Amino acid sequence: MEEKTPDLAGIEKEIELATEAADTSESLRAVRMGYLGKGGKIPSLMKSLKDVAPDMRPAFGKAVNGLRERAEELFAAAEAKLRSKEMQARYERERIDVTLPGRQRKKGAYHPDTLIIDELVSVFAGMGFEIYEGREIETDYYNFTALNTPKDHPARDMQDTFYLGADFLLRTQTSAGQVHVMESKQPPIKILSPGKVYRPDDDATHSPMFSQMEGLVVDRGITLCDLKGMLDEFAKKVFGGNVKTRLRPSYFPFTEPSVEVDVSCFECGGKGCKLCKGTGWIEVLGAGMVNRAVLKNCGIDPDEYTGFAFGMGIERIAMLKYGINNMKLLFEGDVCFSKQFRA
Ligand code: PHE
């Protein structure tokens, strides 16, 4: 009986051509299934071994095994080739130009007010002051009455006020915080209080909302000399080592005596220039010894304790220090403006 022996060499050739023709890993896998997968051509050949004449079986079995090994080799080689081709394509697709300039993240900048507040806080913290943040909505009592400015007191005209109904108002001065601090604790007191205040004024040098920095020291034996010494230190740190201070008599209902504090002009060194309007001096803050009436209102014995207080406008200090000529610039929120300043 003449058996038709399968053409193994022909199948090998077929596989060679098919692996060359497959152009994706996926199509190669499909081709492989057709030859080596379950029910594929080569396993079928193995199954047909039983139909082969017994004396031919060993040789046939060996030949089919050889074909299977060869097929494995061909598929492995084709797969490696395709994989590297596909990786190459992926590298091309995901190519990054490392020489491109990076995307710049836009940086913000501190507002000049913030720079000044931070600077003042660090100067005064160095002298042992604690920070007290008061409230922006106050009662008439804390903003005025307790500060020795009862209703109908002429000094109320110094500060126009936004009233919020009969009982509340927007604080016109950080001095309102003095009362809260003195009410809640006995001396020694040494606080610094930055914050926003409100007055219905709006022109080139006034804004309805602005910032102040209040200072308050109460203890036994505090004198105007202590105030002067501390202000000298502050002026030197903020405006430069050669700056001097002077006190001029003034009036505030909650301090007695009251003073305006000037610093010698840091622009011209005191000779007189545009900044100091030819006077050689620049007014920077109001201050004084805490009025006995205020101490009493807050439950502190004025025969035992004395104190001083000072208050300054942050925008004013910022404009002076950074040479800003228009206050409105401080309220526009333009980062290009803020970026120009550094502490
Ligand atoms: N509160 C005053 C003002 O706003 C400034 C000041 C504070 C004066 C403390 C004396 C003492 O004008």
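Anything mentioned here points back to the structure above.
Since we're looking at a predicted model, the values are computed, not measured. (Residues numbered from 1 in each chain as written. Predicted model: local features only at pLDDT ≥ 70, side-chain atom pairs only at ≥ 80, totals over all residues. Heavy atoms only, no water.)

Let us now look at the packing of aromatic side chains. Applying the stated criterion across every chain, the model contains 9 aromatic pairs. Seen in terms of ring centroids, Phe124 and Phe129 are 5.3 Å apart; in terms of plane orientation they differ by 75°. Their pairing is edge-to-face. In this structure, Phe124 and Phe129 share a single accessibility class: buried. Summarising the aromatic geometry, the rings of Tyr141 and Tyr142 are spaced 5.3 Å apart at their centres and angled 85° between planes, so their arrangement reads as edge-to-face. (Phe/Tyr/Trp six-rings, centres within 6.5 Å; stacked < 30°, edge-to-face > 60°. Buried < 20%, exposed > 50% of the residue type's maximum accessible area, 1.4 Å probe, protein only.)

Running from N to C, helix α1 (residues 8–21) and helix α2 (residues 25–36) point in directions that differ by 165°, and their axes come no closer than 10 Å. By the angle between their directions, the pair α1 and α2 is classed as roughly antiparallel. Considering only the axes of α1 and α2, their crossing is right-handed. Across the interface between the two elements, Ile11, Glu14, Ile15, Ala18 and Thr19 of α1 pack against Leu28, Val31 and Tyr35 of α2. Its residues placed into classes, the contact of α1 with α2 shows 6 nonpolar, 1 polar and 1 charged. (Axes fitted to C-alpha atoms, helices over the stretch in contact; angles between N-to-C directions. Helix = DSSP H or I, 4+ residues; strand = E, 2+ residues; numbered from the N terminus. Parallel < 35°, antiparallel > 145°, perpendicular 65-115°, else oblique. Left-handed = near helix turned anticlockwise from the far one by under 90°. Contact = heavy atoms within 4.5 Å. Nonpolar A, V, L, I, M, F, W, Y, C, P; charged D, E, K, R; others polar.)

Attention now goes to α2. With 12 residues, α2 should cover 16 Å at 1.5 Å per step; its first-to-last C-alpha distance of 16 Å lies within 8% of that length. Those residues of α2 not exposed but buried are Ser25, Leu28, Tyr35 and Leu36. All buried residues of α2 lie within an arc of 80° about the axis, which places them on one face of the element. Away from its buried face by more than 90 degrees, α2 exposes Glu26, Ala30 and Met33. The elements touched by buried residues of α2 are α1, α3 (41–47) and α4 (57–93). (Expected span 1.5 Å × (residues − 1). Arc of directions from axis to C-beta.)

Before going further, it helps to examine the site of the ligand. Close to the ligand lie 15 residues; Gln173, Ser175, Arg199, Gln212 and Glu214 are nearest. Between the ligand and Ser175, the relevant distance is 2.8 Å, taken from a nitrogen atom to a side-chain nitrogen or oxygen of the residue. Here an oxygen atom of the ligand and a side-chain polar atom of Gln212 are 2.9 Å apart. For the ligand, the accessible surface in isolation is 330 Å², of which the surrounding protein chains cover 91%. Placement of the ligand is best described as lying within the largest pocket. Of all elements in the fold, only β6 (209–219), β9 (281–290) and β10 (306–313) reach the threshold of two or more residues within the shell around the ligand. (Near = heavy atom within 4 Å. Polar contact = N/O pair within 3.5 Å; in protein donor to acceptor, adjacent residues only side chain to side chain. Areas by Shrake-Rupley, 256 points an atom, 1.4 Å probe, with all protein chains shown as cover. 1 Å grid on protein atoms, 1.4 Å probe; cavity = no way out; pocket = protein on both sides within 12 Å on 5 of 7 lines; lining within 4 Å. Sits in = over half its atoms within 2 Å of the grid points.)

The subject of this paragraph is the pattern of salt bridges. The full count for this structure, using the stated rule, is 19 salt bridges. The partner of Glu73 in a salt bridge is Arg70, with the nearest N and O atoms 3.3 Å apart. Remark: Arg70 and Glu73 occur in helix α4; sequence separation between them is 3 residues, near one turn of the helix. Judged by relative accessible area, which is 28%, Arg70 ranks as partly exposed. (Salt bridge = Lys/Arg side-chain N within 4 Å of Asp/Glu carboxyl O.)

Here the focus is the pairing of strand β8 (residues 255–264). Counting buried positions along β8 gives 8 out of 10 residues, so the element sits mostly inside the fold. As judged from the 7 bridges shared by strand β7 (residues 245–252) and β8, these two strands associate in the antiparallel manner. By the bridge assignment for β8, Arg246 is matched with Asp262. Hairpin geometry of β7 and β8 is characterised by an intervening segment of 2 residues between the two adjacent antiparallel strands. (Pairing = 2+ DSSP bridges.)

What follows is about the sheet that holds β7. Across the sheet, which stays open at both edges, the 7 strands sit in the order β1-β5-β6-β10-β9-β8-β7 with mixed pairing between neighbours. Each edge of the sheet is formed by a strand with only one pairing partner; in this case those strands are β1 (130–131) and β7. For β8 and β9, the ladder comprises 8 bridges, and the chain directions are antiparallel. Within β9, the residue paired with Thr255 across the bridge is Val290. Across the face of the sheet, helix α7 (residues 176–184) comes into contact with β5 (189–198), β6, β9 and β10 while running at roughly 35° to β6. In this fold helix α10 (residues 314–322) packs onto β6, β9 and β10, with an angle of close to 150° to the strand it touches most, β9.

Attention shifts here to the sheet that holds strand β2 (residues 137–139). Reading across from one edge, β2-β4-β3 is the order of the 3 strands in this open sheet, with antiparallel pairing throughout. Taken across any chain shown, the strands that pair with only one partner, and hence form the sheet edges, are β2 and β3 (163–164). The pairing of β2 with strand β4 (residues 168–170) spans 3 bridges and is antiparallel. Note that in β4 the partner of Thr139 across the bridge is Phe168.

Read these as spatial facts, not as claims about activity.
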